[in-house]
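# A closer look at the structure
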Amino acid sequence: MAELTIDAVVFDVLGTLVDEPAGLRAGIRALTPSASPSASPSLSLSASPSLDDSGTERLLLLWQRHIEREQGRIVDGDRPYLPSDALDREAAEIVARAAGAVDPAAGAAPDAVASLARAARRLPPWPDTVAGLARLAERFPLIGLSNASRTALLELNAHAGLRWHQALSAEDARTYKPDPEVYRLAVTVAGLPPERLLMVAAHAWDLRGAQALGLRTAYVARPVGDPPTSSDRFDLYAEDLANLADQLGVS
């Protein structure tokens, strides 16, 4: 492996720096079944006002599968580009219907769907995130690179207390990671050769996308990430951001 010479660090946000599933679970648990007599109990995963853990996890999986599928269709050119806000709204409506929080006869309940969609912007940081970013920022320019829209990224950063030298949204490339055009945003802003940038993520698929454009890569383990396979060859493997900082020689 070639020696690392890094001049800037690029971070994925969702899942890497914030606990996305935890924030979405909170939004899902806040849903209550529709009181309308026309709402069918068969559409609801829970007859009680609060969902049990298994019901919450099934609804979370519905959300995640929709976002993954639709972002993939956009990257593949099978669907026109829509920002993450719009996809979150679609996912929220699917989940709200499955939870019985909307009346099928009356259509979507705007308040319930909008509130659930906003949960995608209220994601808690991992315990090491804020201190880890502050430590790394003493040595490197930090760039956030997220599939979240510009507006969503602003709210997400504010809610989680994330501090950047630059935050970039895939919306500027009108596609989603792992499309190389998204990683190219960071290369362009940094004004550096790709190999002088270190892409940090908890998702192996994200790091593979960055690697394909020539960025160096660091995998950070998270409970909700996409772990590397035996065939992956990333430059660094870290237990958390403190361990990453240690490996980069940041005091």
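Bear in mind the structure is a predicted one, so any value in this text is a computation, not a measurement.

Let us look at the packing of helix 3 (residues 84-98) against helix 4 (residues 110-118). Here helix 3 crosses helix 4 at 120 degrees, and the two axes come no closer than 8 Å. Considering the angle they form, helix 3 stands oblique to helix 4. Considering how the two elements wind past one another, helix 3 and helix 4 form a crossing that is right-handed. Listed contacts from helix 4 to Asp88, Arg89, Ala92, Glu93, Val95 and Ala96 of helix 3 are Pro110, Val113, Ala114, Leu116 and Ala117. The residue inventory of the contact of helix 3 with helix 4, partitioned by class, reads eight nonpolar, no polar and three charged.

Further remarks concern the packing of aromatic side chains. A full pass over the atoms with the stated rule returns four aromatic pairs. Seen from their ring centres, Tyr81 and Tyr176 are 5.6 Å apart, and the 35 degrees between their planes marks the pair as tilted. Highlighted residues: Tyr81 in the loop between helix 2 (53-75) and helix 3 and Tyr176 in the loop between strand 3 (166-169) and helix 7 (180-190), separated in sequence by 95 residues. A single burial state applies to Tyr81 and to Tyr176, both of which are buried.

Moving on: the sheet that holds strand 2 (residues 142-146). In space, the six strands of this open sheet follow the order 3-2-1-4-5-6, with parallel pairing throughout. Two strands bound the open sheet, and with one partner strand each, they are strand 3 and strand 6 (236-238). Going across the sheet, the axis of each strand differs from the next one's by a mean of 25 degrees, ignoring polarity. Where strand 1 (residues 8-11) and strand 2 come together, three bridges link them in parallel fashion. Residue pairing in the sheet places Val9 in a bridge with Leu142 of strand 2. Docked against the sheet, helix 8 (residues 204-212) engages strand 4 (197-201) and strand 5 (216-220), running at close to 165 degrees with respect to strand 4.

Analysis parameters
Residues numbered from 1 in each chain as written. Predicted model: local features only at pLDDT ≥ 70, side-chain atom pairs only at ≥ 80, totals over all residues. Heavy atoms only, no water. Axes fitted to C-alpha atoms, helices over the stretch in contact; angles between N-to-C directions. Helix = DSSP H or I, 4+ residues; strand = E, 2+ residues; numbered from the N terminus. Parallel < 35°, antiparallel > 145°, perpendicular 65-115°, else oblique. Left-handed = near helix turned anticlockwise from the far one by under 90°. Contact = heavy atoms within 4.5 Å. Nonpolar A, V, L, I, M, F, W, Y, C, P; charged D, E, K, R; others polar. Phe/Tyr/Trp six-rings, centres within 6.5 Å; stacked < 30°, edge-to-face > 60°. Buried < 20%, exposed > 50% of the residue type's maximum accessible area, 1.4 Å probe, protein only. Pairing = 2+ DSSP bridges.

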